[in-house]
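Residues per chain, in single letters:
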Amino acid sequence: MKRVLFIDRDGTLVVEPPIDYQIDSLEKLEFRPRVFQSLAYVAARLDCEWVMVTNQDGMGTPAFPAETFWPVQQKIVRALENEGICFDQVCIDTSFPEENRPTRKPGTAMLARYTTGEYDLAHSFVIGDRLTDVQLAANLGCRAIYFAPAEQGMAEVEATGLAGVCEAVTDDWWKVAQIVCSATRRVSLERHTAETDIRLSLNLDGTGRTDIHTGLGFFDHMLDQLGRHAGIDLAVTVDGDLWVDEHHTIEDTALVLGEALGRALGDKRGIARYGFSLPMDDALCRVSLDLGGRPWLVWKADFHREKIGDVPTEMFFHFFKSLSDAARINLHVEAEGANEHHKIEAIFKAFARALRMAIKRDITDHTLPSTKGML
Ligand SMILES: [Mg+2]
């Protein structure tokens with residue numbers, strides 16, 4: 001499904017006149033700094049539809065004659081086209097705020113063709129300099145980039161309860177371009193079977209915040225280590241058939257986590273791809289991995305206790321096997337040591353550190369770390 005960039009005009013693409021807010025002559029037309037190079041950068045890298053969405057209060061009335069509007073509008077469109085930035089649609093609402101028309105931002109009536117399920121709105125953006133642009137993003141189910149000074153703008157979106165839809169607050173077009181080209185690596189999944197109900201959300205560009213509830217204390221502890229040491233935000237809630245045993249809960253969590261990892265990695269452009277780590281603590285543990293898309297697990301770790309906490313030790317291999325299959329990771333795990341708790345904790349930590357290295361992404365680098373052309 002195609003992504004869409006909904007871009008505001010006045011105050012965003014061009015400077016908004018401070019007194020009457022009308023750009024009704026070419027003398028008043030001034031483009032925002034770096035808008036051309038930034039949008040040309042996006043146009044060269046992103047396959048998406050471009051939609052200009054603008055409120056032009058009273059355009060076509062004596063207060064704002066159409067003949068003063070169109071020469072400016074045509075100049076803006078032509079100047080952008082000359083740099084390879086071609087808008088597929090231009091939506092202009094000419095009503096006044098007090099009319100409360102559904103076509104006026106943040107109303108979505110002009111954008112009905114984008115809300116039929118054929119577009120990837122969850123990974124699309126509204127870019128605009130007013131809170132109504134951010135609200136439009138919320139109404140469409142898109143992400144917003146609030147084009148405003150960072151500190152002041154963030155306070156505004158927080159005060160209005162719109163921080164959740166805001167991907168970023170910046171008035172730097174170059175930063176906007178970087179953000180738009182680096183698709184959000186967030187995934188939320190649910191999986192319901194007769195054996196387990198699982199809700200999982202993952203953000204590969206997070207800060208290591210975790211919220212884990214699997215019903216198994218030791219497993220929670222291990223997944224918490226995974227999120228924290230990989231630097232990914234991970235929330236997992238599992239309602240599993242623990243009255244049978246721990247097997248389904250651990251196996252199904254690994255499958256959902258693996259699928260989420262694979263989806264969040266997306267097309268893998270710009271990632272480091274490989275990760276490895278070295279011995280930790282008293283346990284000698286090595287985890288090497290490749291996110292190249294071919295699942296394989298080499299497991300060299302023996303446990304001499306039946307359980308650690310409430311988790312059977314045989315389930316550790318099964319967890320990583322299921323995860324490796326679902327996320328299509330090539331994974332080598334080796335661990336030795338005397339303390340069983342340390343050994344498995346070192347495996348989870350080393351896996352997390354290896355993953356952290358491999359998912360690290362340079363958002364200005366859109367090449368694939370492969371000579372095959374796909375991963
Ligand atoms: Mg504006």
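All values reported here derive from a predicted model rather than from experimental measurement.

**Student:** Before we go on, may I ask you to explain the environment of Lys2 in this structure?
**Tutor:** Here Lys2 shows up in the segment before β1 (3–7). What makes Lys2 partly exposed here is its relative accessible area of 33%. Linking Lys2 and Glu118, residues 116 residues apart in sequence, is a C-alpha distance of 7.6 Å. Sequence-distant contacts of Lys2, that is, excluding residues within four places in its chain, are made with Asp47, Cys48, Glu49, Glu118, Tyr119 and Asp120.

**Student:** Hey, could you run me through the domain arrangement of the protein chain in this one?
**Tutor:** Where interface size is quoted, it is often the accessible area lost as the parts come together. Structurally, the protein chain comprises domain 1 (3–181) and domain 2 (185–375). Between domain 1 and domain 2, the residue contacts involve six residues of the former and four residues of the latter. Interface area for domain 1 against domain 2, summed over the two sides, is near 430 Å², with a carbon-plus-sulfur share of 43%. Here domain 1 is connected to domain 2 by one salt bridge. Scanning the region where domain 1 abuts domain 2 turns up zero residue pairs in polar contact (both at pLDDT 80 or more). Elements with a contribution of two residues or more to the side of domain 1 that touches domain 2: α1 (35–45) and α5 (173–181). By residue class, the composition of the side of domain 1 that touches domain 2 is two nonpolar, one polar and three charged.

**Student:** Is there a simple way to explain unusual backbone geometry in this structure?
**Tutor:** Of all residues except glycine, most have a negative phi; of all peptide bonds, most are trans. A cis amide bond links Lys105 to the next residue, Pro106, at an omega of 10 degrees. Position of Pro106 among the secondary structure elements: in the loop between β3 (89–93) and β4 (125–128).

**Student:** What is the right way to look at the sheet that holds strand β6 (residues 166–169) in this model?
**Tutor:** The pairing of strands in a sheet happens through backbone hydrogen bonds and is either parallel or antiparallel. Ordered by their spatial adjacency, six strands build an open sheet running β3-β2-β1-β4-β5-β6, and the pairing between neighbours is parallel. Here the strands that pair on one side only, and so sit at the sheet edges, are β3 and β6. Going across the sheet, the axis of each strand differs from the next one's by a mean of 15 degrees, ignoring polarity.

**Student:** Mind showing me how you'd approach the pairing of strand β10 (residues 233–240) here?
**Tutor:** Of the pairings in the sheet, the one linking strand β8 (residues 196–203) to β10 comprises eight bridges and is antiparallel in character. Note on β10: the bridge partner recorded for Thr196 is Gly240. In terms of strand pairing, strand β9 (residues 210–213) meets β10 through four bridges, oriented parallel. By the bridge assignment for β10, Asp211 is matched with Ala235.

The rules we used
Residues numbered from 1 in each chain as written. Predicted model: local features only at pLDDT ≥ 70, side-chain atom pairs only at ≥ 80, totals over all residues. Heavy atoms only, no water. Helix = DSSP H or I, 4+ residues; strand = E, 2+ residues; numbered from the N terminus. Buried < 20%, exposed > 50% of the residue type's maximum accessible area, 1.4 Å probe, protein only. Contact = heavy atoms within 4.5 Å. Domains from an automatic or database assignment. Buried area = accessible area lost by both parts, 1.4 Å probe. Salt bridge = Lys/Arg side-chain N within 4 Å of Asp/Glu carboxyl O. Polar contact = N/O pair within 3.5 Å; in protein donor to acceptor, adjacent residues only side chain to side chain. Nonpolar A, V, L, I, M, F, W, Y, C, P; charged D, E, K, R; others polar. Pairing = 2+ DSSP bridges. Axes fitted to C-alpha atoms, helices over the stretch in contact; angles between N-to-C directions.

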